[in-house]
Amino acid sequence: MSVGIDEISFYTSGQYLDLKTLAQHQGIDPNKYYDGIGQEKMAMASLDEDVVTLAANAALPIVERVGTEAIAAVLFATETGIDQSKAAGVYVHRLLGLNSNCRVVELKQACYSATAAIQMACAMVARQPARPILVIASDVARYDLESPGEATQGCGAVAMLISANPRILEIAPEVGNHTEDVMDFWRPNYRTNALVDGKYSTKIYLKSLKRSWENFTEQSSTSYTDLDYFCYHLPFGKMAQKAHSHLARVNKSGQTPEELERQIEPTLIYNRAIGNSYTASMYIGLCSLLENSTEDLTDKRIGLFSYGSGCVAEFFTARVQAGYQQALLPHKHQALLENRKELSYEEYIELYHYANPTDGGEHRLPQQTQGRFRLAAISEHKREYISV
Ligand code: HMG
């Protein structure tokens, strides 16, 4: 029996800041962002959006297809937690009308935890093949204004149904891991913005890739040349290019820059317009590959590298299933990205400075989101989510 991804759907905010606008405000060449880091736009969550609404909107098309009774568990990966105790997925469970027998839990390890959720879901499905698991990764990436990280913000959520005999991707059981206690990126409980040692984080990312790959080759007979495409965690597009060149060097592949580019370029299209969405980033990249590749990917093998600062990393592989195209939602995703509102610099700053109230009073939030679910109010310290 094979286990893997049967459905994949993502969602992001309906508004974005073009990095040309940011560059103009900073008085620098926009090509630093467009070419230097490989990003064009960053999605900005509206006042009535957070990881719960992004997640519920991402998962809705899947639940509409498979029904509310089919899902045995929701594994919710995020590093933008909205509560120290209650799992964000419990709100999503109600918004989507899932069965009360469905188990819900939240997982954290920076951008890596969605991959942990997928591996756990695969193990659960292997034990009970008739019970699919909904994995959701949802995050809002925030850095300090005027810091090098500012241009690498973004937000988004991806929902994936993990099932037996999946229609999109079979996930191979062999994985390679690297874990190391480092301070490259972190967010203490008292801060809304992440702290990051940017250049160091890119070095640790590449070191973790090499270590995970080495561990993977000890576990699996799959070699570098067996893999057709590569999905990397995408804090920004250029990171995937650096990572893929690094892995090719480690394997002495002798590929030309064009050959290397061909193996990653379709994974970068959606993220270039969304920005970093932490846990969701690599899986939005995977969706981008599946929906934007010009060749039929049936039977192609994909190498995936998941990285979460701090750090935990994993290299694993998957094989594309025949007929995968029928299970995808390219028109929905492309329309979502095309119909967004562009923000002025002033609107971006106003959104950026909005802080959730902490006084326990009654605070209603303006309706801004274009999604089906919104955060309507925060009253008496309770978040009130509704369907629109
Ligand atoms: P920076 O210091 O602003 O950038 O920050 P830079 O000056 O090094 O320039 C970036 C690139 O643009 C360079 O190319 C320049 O040459 C080029 P490179 O040397 O890297 O190949 N450049 C230009 N290109 C064309 N035209 C121009 C031009 N000017 C410059 N005019 C940095 C960059 C990534 C450090 C910053 O954005 C940052 O701190 N970002 C946040 C941290 C991050 O994303 N780290 C990635 C690895 S860690 C990770 O992935 C985990 C994470 O997702 C969190 C989690 O796990 O939860 C972050």
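Every chain's residues receive numbers from 1 upward, in the order its sequence appears when written. With the structure being a predicted model, the display of local features is reserved for residues of pLDDT at least 70 and the display and counting of side-chain atom pairs for 80 or more, all residues being used for whole-chain, interface and lining totals. Heavy atoms throughout the structure, all of them, feed into the side-chain values; hydrogens and water do not.

Before going further, it helps to spend a moment on the sheet that holds strand S15 (residues 362–364). Pairs of strands are assigned from DSSP output, requiring at least two bridges between the strands. The numbering of helices and of strands both runs from the N terminus, where a helix is a DSSP run of H or I of at least 4 residues and a strand a run of E of at least 2. If you trace the 3 strands from one edge of the open sheet to the other, you get S15-S16-S17, paired in antiparallel fashion. Every interior strand has two partners, whereas the edge strands, S15 and strand S17 (382–387), have only one. Taken over all neighbouring pairs, the strand axes of this sheet differ in orientation by 25° on average, direction set aside. Pairing of strand S16 (residues 373–379) with S17 involves 6 bridges; the strand directions are antiparallel. Bridging across to S17, leucine 375 finds its partner in tyrosine 385. The strands touched by helix H3 (residues 51–66) are S16 and S17; relative to S16, the strand with the most contacts, the crossing angle is about 155°. Two residues form a contact once any of their heavy atoms are found within 4.5 Å. As a rule, the C-alpha atoms of each element are fitted with a line to give its axis, helices using only the stretch in contact, and angles between N-to-C directions run from 0 to 180 degrees. Contacting S16 and S17, helix H4 (residues 88–95) runs over the sheet at an angle of about 30° to S17.

Now for unusual backbone geometry. A cis geometry characterises the amide bond from glycine 310 onward to cysteine 311, with omega recorded as -5°. With respect to the secondary-structure elements, cysteine 311 resides in the loop between strand S12 (301–308) and strand S13 (312–320). In this model, lysine 252 sits at a positive phi of 45°, which is unusual for a non-glycine residue. By the element assignment, lysine 252 lies in the loop between helix H7 (237–250) and helix H8 (257–262).

The next subject is helix H1 (residues 19–26). The cut-offs for exposure are 20% and 50% of the maximum accessible area for each residue type, with area from a 1.4 Å probe on protein chains only; residues under the lower value are buried, those over the upper are exposed, and the others partly exposed. Listed in full, the buried residues belonging to H1 are Leu19, Thr21, Leu22 and Ala23. Capping of H1 at its N-terminal end is provided by aspartate 18; its side-chain oxygen lies 2.9 Å from the backbone amide nitrogen of lysine 20. Following H1 by one or two positions, glycine 27 has its phi on the positive side, about 70°. Between N or O atoms, a polar contact is any pair within 3.5 Å; within protein, one atom must be a potential hydrogen donor and the other a potential acceptor, and residues adjacent in sequence are included only when both atoms are from side chains.

Let's shift gears to the packing of H3 against H4. Contact pair H3 / H4: the axes reach a minimum separation of 9 Å and the direction vectors enclose 45°. In terms of orientation, H3 lies oblique with respect to H4. For the crossing formed where H3 meets H4, the hand is right-handed. Across the interface between the two elements, Val51, Val52, Ala55 and Ala56 of H3 pack against Ala88, Tyr91, Val92 and Leu95 of H4. By the convention adopted, Pro, Cys, Tyr, Trp, Phe, Met, Ile, Leu, Val and Ala count as nonpolar, Lys, Arg, Asp and Glu as charged, and the other residues, Gly among them, as polar. Here the residues of the contact of H3 with H4 sort into 8 nonpolar, no polar and no charged. Should an angle fall under 35 degrees it is called roughly parallel, over 145 degrees roughly antiparallel, and 65 to 115 degrees roughly perpendicular, with every other angle called oblique. Handedness of a crossing follows from how the near helix is turned relative to the far one, being left-handed for an anticlockwise turn of less than a right angle and right-handed for a clockwise one.

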